[in-house]
Structure formats: C-alpha cells, structure tokens
Amino acid sequence: MGAFLILWNLFFSACSSQSDRGEVDRLNDISYSFHYRNIDSTRLYAEKALALSGGYSCGRAEAFNNLAYIYICLLYTSPSPRDGLL
C-alpha cells in the first residue's frame, strides 16, 4: 500500500507542481472575478490559466468554464440578422 501511495504522488506531482496549481487557481479566481465587469480580462486570465494548467485537470476545467462564459456572453450580445444590424 505504501508503494502505491508513493507512485500515486509521483504521478500527480509530475503532472504539475503545487506552485503551478496555486498559480492556475489564482488566475482562474481572477478570471472569474471579472465576470460581468470586463470580458477581455476574463479571457486573458482564463487563457493564462489554461496554458499553465498542464496535467492539473481541475484547473484546466475551471479555465474552460471561464472561457465558456465568454462565448456565451458573446452569443447573447452579438448582433444577429434578425436585429437588422448585419
């Protein structure tokens, strides 16, 4: 059992360091804090988090969630042919 835990820890520590995980979480938090205020900053920080996330799946998923928010906002705020603006 002890060898399994050591291998498990080595596997996940090779995916991304704890400092990278902390930085990814920090960038995702900043990205989220810009929701409803500044879509460009939301995107900037989400893309930085995504680039740094590596094997950190939770951080990667959160970055994708932040990016999805941007595209949903753009979908609902983009002019459409029905608006007569295109």
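Residues numbered from 1 in each chain as written. Predicted model: local features only at pLDDT ≥ 70, side-chain atom pairs only at ≥ 80, totals over all residues. Heavy atoms only, no water.

Q: Honestly, the packing of helix α3 (residues 39-53) against helix α4 (residues 57-77) in this entry has me stumped. Any pointers?
A: Axes are the key here: two packed helices are described by the angle between their axes and the distance separating the axes. Across the interface, α3 lies against α4 with an axial gap of 8 Å and an inter-helix angle of 150 degrees. Classified by the angle between their axes, α3 and α4 sit roughly antiparallel to one another. Every pair of crossing elements has a handedness; the one defined by α3 and α4 is left-handed. Along the contact surface, α3 presents Ile-39, Thr-42, Arg-43, Ala-46, Glu-47, Ala-49, Leu-50 and Ser-53, while α4 presents Gly-59, Arg-60, Ala-63, Phe-64, Asn-66, Leu-67, Tyr-69, Ile-70, Tyr-71, Cys-73 and Leu-74. Classifying every residue of the contact of α3 with α4 by side-chain character gives 12 nonpolar, four polar and three charged. (Axes fitted to C-alpha atoms, helices over the stretch in contact; angles between N-to-C directions. Helix = DSSP H or I, 4+ residues; strand = E, 2+ residues; numbered from the N terminus. Parallel < 35°, antiparallel > 145°, perpendicular 65-115°, else oblique. Left-handed = near helix turned anticlockwise from the far one by under 90°. Contact = heavy atoms within 4.5 Å. Nonpolar A, V, L, I, M, F, W, Y, C, P; charged D, E, K, R; others polar.)

Q: I tried to follow the nonpolar core on my own but got confused; where do I start?
A: A general feature of soluble globular proteins is that nonpolar side chains tend to end up buried together. Val-24, Leu-27, Ala-46, Ala-49, Leu-50, Tyr-56, Ala-63, Leu-67, Tyr-69 and Ile-70 together form the largest nonpolar core, which totals 10 residues. Elements represented by at least two residues in this core include exactly α2 (18-33), α3 and α4. In terms of residue count, α4 provides more of this core than any other element does, four residues in total. When residues no more than four places from it in sequence are discounted, the contact partners of Tyr-69 are His-35, Tyr-36 and Thr-42. (Core = buried A, V, L, I, M, F, W, Y, C linked by side-chain atoms within 4.5 Å. Buried < 20%, exposed > 50% of the residue type's maximum accessible area, 1.4 Å probe, protein only.)

Q: Would you mind showing me how to read the pattern of salt bridges here?
A: Pairing between side chains becomes possible if they bear opposite charge and their charged atoms approach one another. Enumeration over the complete set of coordinates arrives at two salt bridges. For the salt bridge of Arg-26 with Glu-23, the shortest nitrogen-to-oxygen distance reads 2.9 Å. With a gap of three residues between them, Arg-26 and Glu-23 both fall in helix α2, about one helical turn apart. By relative accessible area, Arg-26 is classed as partly exposed at 42%. With relative accessibility at 28%, the residue Glu-23 sits in the partly exposed group. One salt bridge connects Arg-43 with Glu-47, and the closest N-O pair in it is separated by 2.9 Å. Pair noted here: Arg-43 and Glu-47 are both in helix α3, with a separation of four residues, about one helical turn. Taking the relative accessible area as the measure of exposure, Glu-47 reaches 36% and is therefore partly exposed. (Salt bridge = Lys/Arg side-chain N within 4 Å of Asp/Glu carboxyl O.)

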